[in-house]
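So the chains spell out like this:
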Amino acid sequence: MPGKRSAGLLVYRRRSGACEVFLVHPGGPFWQSRDLGAWSVPKGELTPDEDPLDAARREFVEETGVEMSGDFLSLVPIRQPGGKTIDAWAVEGDCDPTTIKSNTFAAEWPPRSGHVREFPEVDRAAWFVIDEARERITKGQRGFLDQLRVLLGGDSGRKTRE
């Protein structure tokens, strides 16, 4: 039986002489105080028989409220330490991270309290130059940043002086 699969979009833009990537921070109490190594490409699980790119675009909308279009560049899928495989596409685009609107999920909180609360799937989003994104993104997704750098011709991902 094949393992679980997720699909997502690695949105990038060029600003001030550097490439920036758009990452999201997971919502909910477990992630609330975590920062470095907690951010992610907007992504989610595929439904049975769903086209992976369609799933990636759907998940981006569900997690941000933003529809992304453009030239989607396929990245090599990455198998996560837990066994899940993530398919991802890089696409040049832009959006305002302060205006994202995420779907929610229900969870019992505090644990074993019997109280079920709603939490956003994503509690915030931000643009990061690639070097900073490497510190913030989950370890299992860093390979997507490396692939993007190669696709963009070795863009360093560092801010340059103006």
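For the structure, see preceding data.
Residues numbered from 1 in each chain as written. Predicted model: local features only at pLDDT ≥ 70, side-chain atom pairs only at ≥ 80, totals over all residues. Heavy atoms only, no water.

Trainee: A description of the pairing of strand 6 (residues 85-92) should follow, citing residues and the corresponding values.
Mentor: Burial analysis of strand 6 places six of its eight residues in the buried class, the great majority of the element. Two elements, strand 1 (residues 5-15) and strand 6, share eight bridges in a ladder whose sense is parallel. Its bridge partner being in strand 6, Leu-10 is matched across the sheet by Ala-90. The pairing of strand 4 (residues 73-74) with strand 6 spans two bridges and is classified as antiparallel. What sits directly across from Leu-73, in strand 6, is Ala-90. Two elements, strand 5 (residues 78-79) and strand 6, share two bridges in a ladder whose sense is antiparallel. Paired with Ile-78 across the strands is Ile-86, a residue of strand 6. Turn length for the strand 5-strand 6 hairpin, with the two strands adjacent in sequence and antiparallel, is five residues, and the turn residue Gly-83 shows positive phi of about 105 degrees. (Buried < 20%, exposed > 50% of the residue type's maximum accessible area, 1.4 Å probe, protein only. Helix = DSSP H or I, 4+ residues; strand = E, 2+ residues; numbered from the N terminus. Pairing = 2+ DSSP bridges.)

Trainee: Kindly report on the packing of aromatic side chains, identifying the contributing residues and their values.
Mentor: Scanning all chains against the criterion turns up four aromatic pairs. Between Phe-22 and Phe-60 the ring centres are 5.9 Å apart and the planes differ by 50 degrees, which places this aromatic pair in the tilted class. Taken together, the positions of Phe-22 in strand 2 (residues 18-26) and Phe-60 in helix 1 (residues 52-64) put the pair 38 residues apart, joining distant regions of the chain. Phe-22 gets classed as buried once you look at its relative accessible area, which sits at 0%. Here the aromatic rings of Phe-105 and Phe-119 are separated by 5.8 Å at their centres, their planes lie at 35 degrees, and the arrangement is tilted. One end of the pair, Phe-105, is in strand 7 (residues 104-108); the other, Phe-119, is in strand 8 (residues 116-120), with 14 residues separating them in the sequence. The class of Phe-105 is partly exposed, set by a relative accessible area of 31%. With relative accessibility at 8%, the residue Phe-119 sits in the buried group. Aromatic ring contacts, followed pair by pair, group Phe-22, Phe-60 and Trp-127 into a single cluster. (Phe/Tyr/Trp six-rings, centres within 6.5 Å; stacked < 30°, edge-to-face > 60°.)

Trainee: Lay out the pairing of strand 1 in plain terms, naming residues and giving numbers.
Mentor: For strand 1, the tally of buried residues reaches eight of 11 residues, placing the bulk of the element in the interior. Direction of pairing for strand 1 relative to strand 2: antiparallel, over a ladder of four bridges. Bridging across to strand 2, Arg-14 finds its partner in Cys-19. Remark: two residues form the turn of the hairpin made by strand 1 and strand 2, two consecutive strands paired antiparallel; Ser-16 in that turn has positive phi of roughly 50 degrees.

Trainee: Before we move on, can you summarise the side chain of Glu-50 with the specific residues and values?
Mentor: By secondary structure assignment, the location of Glu-50 is in the loop between strand 3 (43-45) and helix 1. Residue Glu-50 is classed as buried on the basis of its relative accessible area, which comes to 19%. A polar side-chain atom of Glu-50 sits 2.8 Å from a polar atom in the side chain of Arg-58. Dropping the residues within four chain positions of it, Glu-50 is found in contact with Glu-45, Ala-55 and Arg-58. (Polar contact = N/O pair within 3.5 Å; in protein donor to acceptor, adjacent residues only side chain to side chain. Contact = heavy atoms within 4.5 Å.)

Trainee: So, the state of the cysteines: which residues are in play, and what are the values?
Mentor: Enumeration over the complete set of coordinates arrives at zero disulfides. Free cysteine: Cys-19, not disulfide-bonded; nearest cysteine sulfur from Cys-95 at 14 Å. (Disulfide = S-S within 2.5 Å.)

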